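# Notes for the structure review
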Amino acid sequence: MKIVVIGAGASGMMAAITAARQGADVTILEHKDRVGKKILSTGNGRCNFTNLAQEPQFYRSENEMFPWKIIEKFPAQKAISFFLELGIYSKNRNGYMYPYSDQASAVLDVLRMEVERLKICVLTEHECTSIIPRKKGFKVCTENEYIKADKVILAAGSKAAPVTGSDGSGYSLAKQLGHHLVPVLPSLVQLRCKESFYKAISGVRVNGSVSIYVNEELMAKDTGEIQLTNYGISGIPVFQISRYAAIGLYKKKKVTAVLNFMPGFSEKQFMDFLERRVTTRPDKTVEQFLVGMFHKKLCDLFIKLSAIDRNKKIGTCTEQEVKTLGKLIQEFKVEVTDTNSFEQAQVCAGGVNTEEVDNETLESLVVPGLYFAGEILDVDGICGGYNLQWAWSSGYVAGISAVCN
């Protein structure tokens, strides 16, 4: 059986390896000059290739349970075993799995070695221009030639980080074949905000929670280290909820982020804490009162927005003035106007509509013999190794299904 895989990223190589292990004659078409470029940038170059904590809610899609059915067929433990067989001894950082060498290049190297061992034909700098279904199989066209295939696996990635090869070309191929897309938007990405004070707090990192509201409806919340930039907000908790902001903005709705810089306290607990702080040192100025709690840039912003005289003794402040400070710290509202671009996004929300794909085999319900794997589908995971786990699981399922169905 002749199988052509479009795309030599994580899911494409996994699909090719799986199909070749089942005895298929496999060719990979990759439009960049080398394979797996995006793998090298994962986990800040260390490649957090999966996570031991696995729950359905860690994978997002318009078709909510679709990703989990695929993950269950090739879960995290199978991914760890797969890479161990290839030579990757892994280390466990609170469930986040990395190669022991802390080098993403090691993951790419062992995948390349296995591709070579299985004698998979890899054609780099070959752009697939069309996939033409025939009575039997497919004609896969590039700019200068075509390849006949019994089955095709489309694993061409999304539009995130296009410099690594994910330029959205796979979406065009899917649409040519009659598939529809859920709107493709940046995800795991920074958020740009409306207010004018960001340059004054740029560079500050602070622990807190971020809640995203779309037309005043709470859509998502996450906690961790927030990074304040000269244009808005960043950091892992912002990345985790960014897809909901992107979707809200795409639908032309009002998107608000509410930051809580003291998420470990309830509102009452925090007010009690502030009142005790006032009582302990009533002679401190308002400016001095916040020293030791937050970065000075952030303290200055809270004071400025509260409109309280920074030289006023905190003991002479009214109860309402102290409450104003407390509310600014625990309910800091900013208006989100945009996300950063696909160039800065780690993944995309949206993609090929999974309602048009078999949730057991990843075969197209529109074009028999066509399979999908990886980011091209409307599936995105949260930070923490989940997008790579999706790549391994979907690549495995597509690869084995293409041979065995």
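Residues numbered from 1 in each chain as written. Predicted model: local features only at pLDDT ≥ 70, side-chain atom pairs only at ≥ 80, totals over all residues. Heavy atoms only, no water.

## Looking at the overall build of the chain
- Scanning the chain from N- to C-terminus turns up twelve helices and 21 strands.
- Classification of the 405 residues of the chain by burial places 57% in the buried group.
- If you sum the accessible surface of the chain, you get close to 18100 Å²; carbon and sulfur atoms cover 47% of it.
- Mean positive and mean negative side-chain charge positions of the chain (48 and 44 charges, respectively) differ by 3 Å. (Helix = DSSP H or I, 4+ residues; strand = E, 2+ residues; numbered from the N terminus. Buried < 20%, exposed > 50% of the residue type's maximum accessible area, 1.4 Å probe, protein only. Areas by Shrake-Rupley, 256 points an atom, 1.4 Å probe, with all protein chains shown as cover. Lys, Arg positive; Asp, Glu negative; His and termini not counted. Charge placed at Lys NZ, Arg CZ, Asp CG, Glu CD.)

## What about the pairing of strand β18 (residues 332-339)?
- Bridge count between strand β13 (residues 191-193) and β18: three bridges; the pairing is antiparallel. When the sheet's bridge partners are listed, L191 is paired in β18 with T339.
- Pairing geometry for strand β17 (residues 255-260) and β18, over five bridges, is antiparallel. Across the sheet, residue T256 finds its bridge partner in β18, namely E335. (Pairing = 2+ DSSP bridges.)

## Looking at helix α3 (residues 76-86)
- Burial in α3 covers these residues: A76, A79, I80, F82, F83 and L86. Buried residues in α3, looked at end-on, bunch into an arc of 160 degrees, giving them a common side. Facing away from the buried side of α3, by more than 90 degrees, are the exposed residues Q77, L84 and E85.
- Contacts made by the buried residues of α3 are with α1 (10-21), β3 (50-51), β5 (90-93), β6 (96-99), α4 (104-117) and α12 (386-404).
- Among the residues trailing α3, G87 stands out with phi positive, at a value near 120 degrees. (Arc of directions from axis to C-beta. Contact = heavy atoms within 4.5 Å.)

## Re the sheet that holds β3
- Strand order in the open sheet formed by three strands is β3-β6-β5, with antiparallel pairing between adjacent strands. Looking at which strands have only one partner, the edges of the open sheet turn out to be β3 and β5.
- As paired strands, β5 and β6 are joined by four bridges and run antiparallel to one another. If you follow N92 over to β6, its bridge partner there is M97.

## What about a nonpolar patch on the surface?
- Taken together, L84, Y89 and Y100 make up a surface patch of nonpolar side chains, about 380 Å² in accessible area.
- Relative to the elements of secondary structure, Y100 occurs in the loop between β6 and α4.
- Among the residues examined, Y100 registers a relative accessible area of 53% and is labelled exposed. (Patch = residues over 30% accessible without salt bridge, like charges linked within 9 Å, V, L, I, M, F, W, Y side chains within 5 Å. Salt bridge = Lys/Arg side-chain N within 4 Å of Asp/Glu carboxyl O.)

## Comments concerning the sheet that holds strand β9 (residues 138-142)
- Across the sheet, three strands lie side by side as β8-β9-β10; this open sheet has antiparallel pairing. Since the sheet does not close on itself, it has two edges, and those belong to β8 (128-133) and β10 (146-149), each with one partner. This sheet shows a mean twist of 20 degrees between the axes of neighbouring strands, independent of strand direction.
- Of the strand pairs in this sheet, β9 and β10 are connected by four bridges, and their pairing is antiparallel. The partner of F138 across the bridge, within β10, is A149. (Axes fitted to C-alpha atoms, helices over the stretch in contact; angles between N-to-C directions.)

## Brief notes about the nonpolar core
- Residues I6, F83, L111, L154 and W392 are the most contacted members of the largest nonpolar core, which totals 86 residues.
- Ranked by the residues each element gives to this core, the list is headed by α12, at nine residues.
- In this structure F83 touches F49, I88, V107, V110, L111 and W392, once residues within four positions along its chain are discounted.
- Grouped together as the second largest cluster of nonpolar side chains are 48 residues, C193, V255, L259 and F270 included. (Core = buried A, V, L, I, M, F, W, Y, C linked by side-chain atoms within 4.5 Å.)

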